[in-house]
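# Breakdown of the fold
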Amino acid sequence: MRLTVNGEESDLPVRPGQCLRTHLRERGWFGVKKGCDAGDCGACTVHVDGEPVHSCLYPAFRAEGRSVTTVEGLARPGGELHPVQQRFLDAQGFQCGFCTAGYLMTTAALDDELRADLPRAFKGNLCRCTGYRAIEDAVRGRCNVEEPEAGEAVGRGLAAPAGPQVVTGAARYTFDLEVEGLLHLKLLRSPHPHARIRSIDTAAALRVPGVVAVFTHEDAPERLFSTARHEHPDEDPYDTRVLDDIVRYVGQRVAAVLAESEGAAEEGCRRIEVAYEPLPFVVDPELAMAPDAPVIHPVSGSTVNAVGEVHGEVGDVAAGFARAAVVYEEEFRTQRVQHASLETHGAVAWFEEDGRLVVRSSTQTPFLTRRALCTLFDLPEDRLRVLAGRVGGGFGGKQEMLVEDIVVLAALRTGRPVKLGYTRAEQFTSATTRHPFTVRVKAGASADGQLTALQLRVVSNTGAYGNHGPAVLFHGCGESLSVYRCPNKKADGFAVYTNTVPAGAFRGYGLGQVVFAMEQVMDELARRLGIDPLEFRARNVIGPGEPMVTAGGEEEDLQIASYGLDQCLDIVRAAAAEPVGGSELRDDGWLVGEGAALAMIATGPPGGHFADATLSLLPDGRYDLAVGTAEFGNGTTTVHKQIASGALGTVAERITVRQSDTDVVRHDTGAFGSTGTVVAGKAVLQAAGGLAEALLAFAAEHTGNPLADCRLEADSVRCGSSRRLALKDLHAAMVAAGRETSAAGHWGGSPRSVAFNAQWFRIAVHPDTGELRILRSVHAADAGKVMNPMQCRGQVEGGIAQALGAALWEEVRIDERGTVQTASFRRYHLPAFADVPRTEVHFMETSDAIGPLGAKSMSESPFNPVAPALANALRDATGVRFTQLPLTRDRIWRRLAEAEVAAQPATEGHSGGVQ
């Protein structure tokens, strides 16, 4: 087929049925991304004869004789960026950047009419990271990037270092490389929720042309492991095999086929014959805890199928309820949600010339993954290298080892390079989800609005495997209780196995589910006492210096090292005090209301989260920073450069960063638990401070000036009033004198501080249709000293958008056998540009005593108060309490109809609704 791609003519064969996306990627145009396989996400958008198309749906043969432009071809001759590329750079209209090429290609083709109607223009493009405001800024030509002076990077909106690569398609994600002799791996998956494999016949599969090998449970190590990745592996149950002879959910691996092409591997999977013995199954966690329930895994404990339990009480809860003026009890339910990172799980493995195995993976935890693989396959760590390219979104989902184990098994057995990439359907049916929770809360308060007792019963559905199950349960029952001052607290929690798709780590890590319940209970108690809900919270939240007490007692290494919760509540009060508006909606029968919620989160996981950093002065006078944290739109690369440049008196552009590669950086637990700034950033600060001291000390000695008269500048050291020593000359002198030109830093993640967030909404809901509109959204975030306000705002906006998706639309639905029914974006409502309101984000004025330069974490926490604030606003507008997520239009309509309040909004405890 002859076609022109980015001005280059070629004549290459096209395989039958091949889409244009795959054809372009096989020709090395890696800016064209694979996100959904169905034309739903827009990441693969290219121009064909100037018209934007989703290349995953466009047959390659139709491009015969046409001119195709990918993101790599947008730039002008000579390398000048296309105006759209420059605008996305100026606005920083991306985070992980996996969707950015698609947005650039769509934007470049917009006419004036579509530019004026972006919700329509971007109906075919999705972004999971940004919350869309920064993308709109890019289209509108707004510049958000600041240019600081040397040594003044912290607190400024510096651009992401990889920005130019992202907007030109040069950034390399997991599969954006060519590996000679690559074999493709595909997985046969179970059609049963629970079954024993009696036999597997692979003969027909092995006869498929191109099939190289088939692997079953007989080829897999007997050793059990957990797909969850934590610094301390025993935090998670060892209940998983690479390939097992018992399957425990629909979608579990049964066999792996390795072939010369994906098509051959898929056909091989279809030819495998498996004899199953179906076993009893259970998909409801309450039924799974019944004494006669089928046992999914043998577990030690008092409750059937409970992989983790929480039981604790402080004070006397019964006495606390007895002396309460008001007691409120309710049960709340949250659903399964998919991470929906646009880059799916995937890995490539190959052997270097010396026989070392290299695994390139879309992972948040390269070091922990290497450790697990070495243990699983009895490999010495120096014979295995794990690295991540740029990661296309994570949100906790890539704190798992879901593909690397089977890829390594295939590579070790064949000695050939191996690739496995999940399809979008596999991402839904066979990766992990957010844990569904059932939370029963009972709370009591005195007449003057003081909490007297808090009691939780939490049941978490961890699915067929326990990865993250106990830890998510413990965390969910932690800060949700300890943020409130109450003498009597009790919690009983169960993380329960069921024969459903496994759950795992997800933004907020259990807190969002329990906060959804707790913050609605606080709201309802206030209303029943006739106290303003914000005032009620202010009377009961912990204050500076107070101990944080859960139902299990005081948190050991957790402290309030800075306090901004009072400021957060003030921001919300100010928003609520402004004129209500929405009169035109009321005239059309809409009910208007407002609601708020707050949340507290620890700035890192308990038990230690380790990071090492090394900073070196290079011979050319520039700096090299080696730190292990993976970059997936979390912005840590930018922040680390800002921290280092501030300590070294230089500009961020003079610092290169090496990361996410077990061969070139020292240990890092991983990019999860909001630790990129507060743990890895603290290690960077130590390394930068140590190097600055060494450079200044040598400069003073070398020039004969007092140390106090020497200071670092962008590319030199100024010694005294007149002498400047270039950094490259300083490096040469230090090497000649045998001095070290590097410094190391380490931080272990303890003690930990806490961050606070508050969310407020004003909404309108129509009782006749259940339609909900967000009229105004305000978020207050206590992130300590904000390292990069532009980036941090983007993290907050992205967290809110993701939380709105979980609150209003998103749900991984399963049937009575546990089969996932929402296996594509087409059937799973991921928030699009038109769905997400622009939120007013406010940062509090605090400085943390523990975090680097006063910073606290702010990537997970914005998620947690969103759903309860929305539910509280619904309660304010309608008088009806909504206890189950998502708050879909049909669910709102049915609930209002059941309550018979469609034409009569509530008036009690009114704080903004219709009278």
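Residues numbered from 1 in each chain as written. Predicted model: local features only at pLDDT ≥ 70, side-chain atom pairs only at ≥ 80, totals over all residues. Heavy atoms only, no water.

It is worth spelling out the overall build of the protein chain at this point. When its secondary structure is counted, the protein chain shows 26 helices and 33 strands. Relative to the compact-globule value of 29 Å for 915 residues, the protein chain shows a C-alpha radius of gyration of 28 Å, a close match. In terms of overall dimensions, the protein chain has C-alpha extents of about 80 × 75 × 60 Å along its principal axes. Considering only intrachain contacts with a sequence separation of at least 6, the fraction spanning at least 24 residues in the protein chain is 78%. Charge-centre separation for the protein chain: the mean point of 91 positive side chains lies 2 Å from the mean point of 115 negative side chains. (Helix = DSSP H or I, 4+ residues; strand = E, 2+ residues; numbered from the N terminus. Rg over C-alpha atoms; globule rule 2.2 N^0.38 Å. Contact = heavy atoms within 4.5 Å. Lys, Arg positive; Asp, Glu negative; His and termini not counted. Charge placed at Lys NZ, Arg CZ, Asp CG, Glu CD.)

With that settled, consider empty space enclosed by the protein. In total, this model carries 10 cavities of 30 Å³ or more according to the counting rule given. Estimates place the volume of the largest cavity at around 260 Å³. Along the walls of the largest cavity sit 21 residues, with Thr227, Thr240, Tyr249, Gln252 and Arg253 positioned nearest its centre. Counted by class, the lining of the largest cavity contains 10 nonpolar, six polar and five charged residues. Of the volumes computed, that of the second largest cavity is approximately 110 Å³. As for the second largest cavity, its lining consists of 14 residues, of which Arg434, Gly512, Ala806, Phe863 and Leu885 are closest to the centre. Contributing elements (two or more residues each) for the lining of the second largest cavity: helix H17 (511-529), helix H24 (789-808) and helix H25 (866-878). Of the residues that constitute the lining of the second largest cavity, the class distribution is seven nonpolar, six polar and one charged. (1 Å grid on protein atoms, 1.4 Å probe; cavity = no way out; pocket = protein on both sides within 12 Å on 5 of 7 lines; lining within 4 Å. Points joined across faces, edges and corners; volume = space filled by probe spheres on them. Nonpolar A, V, L, I, M, F, W, Y, C, P; charged D, E, K, R; others polar.)

An order of S2-S1-S5-S3-S4 is seen for the five strands of this open sheet, with the pairing classed as mixed. Both edges of this open sheet fall to strand S2 (8-11) and strand S4 (51-54), since each of them pairs with a single strand only. Neighbour-to-neighbour, the strand axes of this sheet turn through a mean angle of 35°, independent of strand direction. Where strand S3 (residues 45-48) meets S4, four bridges bridge the pair, whose relative direction is antiparallel. (Pairing = 2+ DSSP bridges. Axes fitted to C-alpha atoms, helices over the stretch in contact; angles between N-to-C directions.)

Each aromatic ring pair is specified by the distance between its two centres and by the angle formed by the two planes. The tally for this structure, following the rule as stated, stands at 10 aromatic pairs. When the centroid spacing of 6.0 Å and the interplanar angle of 85° are considered together, the rings of phenylalanine 428 and phenylalanine 825 count as edge-to-face. Here the residue phenylalanine 428 occupies a position in helix H14 (residues 424-430), and phenylalanine 825 occupies one in the loop between H24 and strand S33 (840-843), the gap between them amounting to 397 residues. Taking relative accessible area as the criterion, phenylalanine 825 reaches 7% and is therefore assigned buried. Chaining the aromatic ring pairs together yields one cluster made of Tyr103, Phe122, Tyr132 and Phe833. We note lysine 442 situated over the ring of phenylalanine 321; from NZ or CZ to the ring centre the distance is 4.5 Å. Note that lysine 682 overlies the ring of tryptophan 747, its terminal NZ or CZ placed 4.1 Å from the centroid. (Phe/Tyr/Trp six-rings, centres within 6.5 Å; stacked < 30°, edge-to-face > 60°. Buried < 20%, exposed > 50% of the residue type's maximum accessible area, 1.4 Å probe, protein only. Lys NZ or Arg CZ within 6 Å of the ring centre and 35° of its normal.)

Our focus in this paragraph is the pattern of salt bridges. A side chain of one charge can pair with a side chain of the opposite charge when the charged atoms of the two come close. Scanning all chains against the criterion turns up 67 salt bridges. A salt bridge links aspartate 378 to arginine 223, with the nearest nitrogen and oxygen atoms 3.3 Å apart. Taken as a pair, aspartate 378 in the loop between helix H12 (366-377) and strand S16 (384-387) and arginine 223 in the loop between strand S8 (211-215) and strand S9 (246-247) lie far apart in primary sequence, 155 residues in all. Residue arginine 223 is classed as partly exposed on the basis of its relative accessible area of 35%. In this structure, arginine 271 engages glutamate 267 in a salt bridge whose closest nitrogen and oxygen atoms are separated by 2.7 Å. Taken together, the positions of arginine 271 and glutamate 267, both in helix H9 (residues 262-271) and four residues apart, correspond to about one turn of that helix. (Salt bridge = Lys/Arg side-chain N within 4 Å of Asp/Glu carboxyl O.)

Their axes nearest at 8 Å, the elements H24 and H25 cross at an angle of 55°. By the angle between their axes, H24 is oblique relative to H25. Between H24 and H25 lies a crossing whose hand is right-handed. Listed contacts from H25 to Ile800, Ala803, Leu804, Ala807 and Leu808 of H24 are Val866, Ala867 and Leu870. Tallied by class, residues from the contact of H24 with H25 come to eight nonpolar, no polar and no charged. (Parallel < 35°, antiparallel > 145°, perpendicular 65-115°, else oblique. Left-handed = near helix turned anticlockwise from the far one by under 90°.)

Along the chain, alanine 38 turns up in the loop between helix H1 (20-26) and S3. Judged by relative accessible area, alanine 38 falls into the partly exposed class, the value being 24%. Spatially, the C-alpha atoms of alanine 38 and glycine 28 are 22 Å apart, while their sequence positions differ by 10 residues. Other than its neighbours up to four places away in sequence, alanine 38 contacts Cys56, Leu57 and Arg826.

What follows covers helix H2 (residues 83-91). All of the buried residues in H2 are Val84, Gln85, Phe88, Leu89 and Ala91. Looking at the buried residues of H2, the elements they touch are helix H3 (100-108), helix H6 (133-140) and helix H7 (163-168). Directly beyond the C-terminal end of H2, a positive phi value near 55° is found at glutamine 92.

Right, let's talk about the nonpolar core for a bit. Grouped together as the largest cluster of nonpolar side chains are 161 residues, with contacts concentrated most on Met522, Leu525 and Leu870. When residues in this core are grouped by element, the largest group, 11 residues, is from H17. If near-sequence neighbours (up to four positions away) are discounted, leucine 525 is found in contact with Val326, Tyr328, Ala443, Gly444, Ala445, Leu451 and Phe536. If you look at the next biggest cluster of nonpolar residues, it comprises 41 residues, including Ala611, Ala680, Leu691 and Leu730. (Core = buried A, V, L, I, M, F, W, Y, C linked by side-chain atoms within 4.5 Å.)

Here we come to the packing of helix H18 (residues 533-540) against helix H19 (residues 565-577). One way to put it is that H18 packs onto H19 with a least axis distance of 11 Å and a crossing angle of 170°. Here H19 runs roughly antiparallel to H18, going by the angle between their axes. Every residue of H19 that contacts H18 at Leu534, Glu535 and Ala538 is listed here: Leu569, Val572 and Arg573. When grouped by side-chain class, the residues that make up the contact of H18 with H19 number four nonpolar, no polar and two charged.

This part covers the confidence of the model for the protein chain. The share of residues in the protein chain with pLDDT of 70 or more is 98%, and the mean pLDDT across the chain is 95. The low-confidence segment residues 908-915 (pLDDT under 50) makes 26 contacts with residues lying over four places distant or belonging to another chain. (pLDDT = per-residue confidence, 0-100.)

All right, on to the sheet that holds strand S28 (residues 716-719) then. Taking strand neighbours across the sheet as the criterion, the three strands line up as S27-S28-S29 in an open arrangement whose pairing is antiparallel. If you trace the sheet from one side to the other, it starts and ends with strand S27 (710-712) and strand S29 (723-726), each paired once. Strand-to-strand twist across the sheet, computed as the mean angle between neighbouring axes with direction ignored, equals 20°. Both S27 and S28 contribute to a ladder of three bridges, which runs antiparallel. Considered in S28, the bridge of cysteine 710 is made with cysteine 719. Where helix H23 (residues 727-736) meets the sheet, it contacts S27, S28 and S29, and its direction lies at approximately 70° from that of S29.

Now for the side chain of arginine 390. Mapped onto the elements, arginine 390 comes out in the loop between S16 and helix H13 (404-414). Salt bridges are absent for the buried arginine 390, whose nearest opposite-charge side chain, glutamate 631, sits at 4.5 Å. Here glutamine 95 takes part through its backbone oxygen, which lies 2.8 Å from a polar atom of the side chain of arginine 390. Here tyrosine 173 takes part through its side chain, which lies 3.5 Å from a polar atom of the side chain of arginine 390. (Polar contact = N/O pair within 3.5 Å; in protein donor to acceptor, adjacent residues only side chain to side chain.)

The next subject is the environment of glutamate 64. Within the secondary structure, glutamate 64 is located in the loop between S4 and strand S5 (67-69). Taking the C-alpha atoms as reference points, glutamate 64 and leucine 3, 61 residues apart in sequence, are found 5.4 Å from one another. Excluding its chain neighbours within four sequence positions, the residues that come into contact with glutamate 64 are Met1 and Arg2.

Relative to the helices and strands, alanine 855 resides in the loop between S33 and H25. Its relative accessible area of 1% is what places alanine 855 among the buried residues. Put simply, alanine 855 and lysine 785 are 70 residues apart on the chain and 4.4 Å apart in space, counted from C-alpha to C-alpha.

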